[in-house]
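# Remarks on the overall topology
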Amino acid sequence: MGIVKENTVAEVVSKNLGSDHIFSKYKIDFCCGGGMTLEAVCKEKDIAFEVLKHEIESVNDKINGTDSLTDHDLGSLMQMAQNEYHQTINNSFELTMPLASKVADVHGDSHIEVVAINEHLKRIRAYINRTIASTLDSFFPAIDDILRLDHPRAEITMKQIETLKGAIETLSSEKRPIVDLFNKISDLSSNYTAPEDACNSYRFLYQSLQQLDNEVHKYLHFEKHILKPKALKIIA
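It should be emphasised that the depicted structure is a prediction, and the values quoted were computed from it without experimental measurement.

Here we take up the packing of helix 5 (residues 74-107) against helix 8 (residues 200-233). In the contact formed by helix 5 and helix 8, the axes pass within 9 Å of each other and the chain directions differ by 155°. Taken as axis vectors, helix 5 and helix 8 run roughly antiparallel relative to one another. Considering how the two elements wind past one another, helix 5 and helix 8 form a crossing that is left-handed.

Following this line, the structure appears as structure tokens:
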């Protein structure tokens, strides 16, 4: 897609694979804040639009043989959520949480921020667990129930519509705390910059946290701006 100032962040991420890394670099929220236009975020972050556009186009040009997520059907997107996003996030938590606990125990007296970071990470994990559980136990079954209808013109019941909308509403309410907690971790860690006296474990923790932050934001964007609109189309 041709990138213009009027595009929203969500639109750009949906059509330009790799752009999420650029937005993360400039601490631009592409999940809950995805509705902002590029013009607005450039003004807020004091970034020249042409610089941002060039970086997005450059990274997108390097990614060959890929297509837009919005071109996938709903069944493929649901599989992608489970087999790629959920698995990647769970693996990252399994790596990062013991590391955060270790660094908090060893360095908490001299760097009290790592204690707070460890507690925030535990809360994020709990929210993510609930989000994934809601997706697998409510959101996806509600979609499957409609997709299993005998033919495209089969009548969708009001109960099916209300069930799907209710599942989406539940997911939406769980996202904001996750974003807020990652913002707190970013602030406490000076945007994931380890102090000069940090040991290797300390530095690796901050690298892992930044990667996890990016992975979770990508998933929240995917669910909010790709999966949700696609699901709503089947009951439109």
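Picking up after the structure, the text goes on.
Taken as a whole, helix 3 (residues 38-45) has its buried residues at L38, V41 and C42. What you see down the axis of helix 3 is that its buried residues fit within an arc of 100°, all on one side. Of the residues in helix 3, the exposed ones pointing more than 90 degrees away from the buried face are K43 and E44. Downstream of helix 3 by one or two residues, D46 has phi in the positive range, about 60°.

Below, the discussion takes up the nonpolar core. Of all hydrophobic cores here, the largest spans 50 residues; its most connected members are F139, F222 and L227. Contributions of two or more residues to this core are made by helix 5, helix 6 (113-147), helix 7 (158-188) and helix 8. In this structure F139 touches S134, L164, A167, I168, L171, L227, K228 and A231, once residues within four positions along its chain are discounted. Formed by 15 residues, the second largest nonpolar core is a distinct cluster that contains V13, V41, F49 and I56.

This next bit is on the pattern of salt bridges. Counting across every chain of the model gives four salt bridges. The partner of K27 in a salt bridge is D187, with the nearest N and O atoms 3.9 Å apart. Of this pair, K27 sits in the loop between helix 2 (19-25) and helix 3 while D187 sits in helix 7, and the two are 160 residues apart along the sequence. The partner of E119 in a salt bridge is K122, and the shortest N-O contact between them spans 3.4 Å. Placement of both E119 and K122 in helix 6 is noted, with a separation of three residues, approximately one turn of the helix.

Evaluation of the coordinates by the stated rule reveals five aromatic pairs. Centroid distance F139 to F140: 5.7 Å. Interplanar angle 40°. Geometry classified as tilted. Of the two residues examined, F139 and F140, each falls in the buried class. Within the aromatic cluster, the residues linked to one another by ring pairs are Y85, Y219 and F222.

Owing to its 3.6 residues per turn, the α-helix brings residues three or four apart onto one side. Spanning 35 residues, helix 6 covers 48 Å between terminal C-alpha atoms, matching the ideal 51 Å at 1.5 Å per step. Considering bend angle alone, the principal kink of helix 6 is centred on T135 and spans about 40°.

Along the polypeptide, Y219 turns up in helix 8. Y219 gets classed as buried once you look at its relative accessible area, which sits at 1%. Taking the C-alpha atoms as reference points, Y219 and Y85, separated by 134 residues in sequence, lie 6.1 Å from one another. For Y219, the residues in contact, after removing those within four places along its chain, are A81, Y85, H86, I89, T131 and T135. Reaching out from Y219, the side chain makes a polar contact with the side chain of H86 at a distance of 2.8 Å.

Rules behind the numbers
- Along each chain, residues carry numbers from 1 onward, in the same order as the chain's sequence is written.
- It should be noted that, the model being predicted, local features are given only for residues of pLDDT at least 70 and side-chain atom pairs only at 80 or more, the latter also being counted only at that level, while totals for whole chains, interfaces and linings use all residues.
- Just so you know, side-chain values use all the structure's heavy atoms and leave hydrogens and water out.
- To obtain an axis, a line is fitted to C-alpha atoms, over the contacting stretch when the element is a helix, and the angle between two such axes runs from 0 to 180 degrees between their N-to-C directions.
- A run of H or I in DSSP becomes a helix once it reaches four residues, and a run of E becomes a strand once it reaches two; helices and strands are each numbered from the N terminus.
- Each angle is binned into one of four classes, with values under 35 degrees roughly parallel, values over 145 roughly antiparallel, values of 65 to 115 roughly perpendicular, and all other values oblique.
- Helix crossings are classified by the rotation of the near helix relative to the far one: an anticlockwise turn of less than a right angle makes the crossing left-handed, while a clockwise turn makes it right-handed.
- Three labels apply to residues, based on accessible area from a 1.4 Å probe with only protein chains included: buried if under 20% of the type maximum, exposed if over 50%, partly exposed otherwise in between.
- The directions considered for the arc are those from the helix axis to the C-beta atoms.
- Put simply, buried Ala, Val, Leu, Ile, Met, Phe, Trp, Tyr and Cys residues joined by side-chain atoms within 4.5 Å make one nonpolar core.
- Note on contacts: a residue pair is in contact if any heavy atoms of the two residues lie within 4.5 Å.
- By definition, a salt bridge exists where a carboxyl oxygen of Asp or Glu is found within 4 Å of a side-chain nitrogen of Lys or Arg.
- Here a Phe, Tyr or Trp ring, Trp counted by its six-membered ring, pairs with any other such ring whose centre lies within 6.5 Å, and the pair is stacked when the planes are under 30 degrees apart, edge-to-face when over 60, and tilted otherwise.
- Helix span is expected to be 1.5 Å times the residue number reduced by one.
- The bend reported for a residue corresponds to the angle between axes fitted to the seven residues ending at that residue and the seven starting there.
- Pairs of N or O atoms are called polar contacts if they sit within 3.5 Å, as long as, within protein, a hydrogen donor faces a hydrogen acceptor (for residues adjacent in sequence, only side-chain-to-side-chain pairs).

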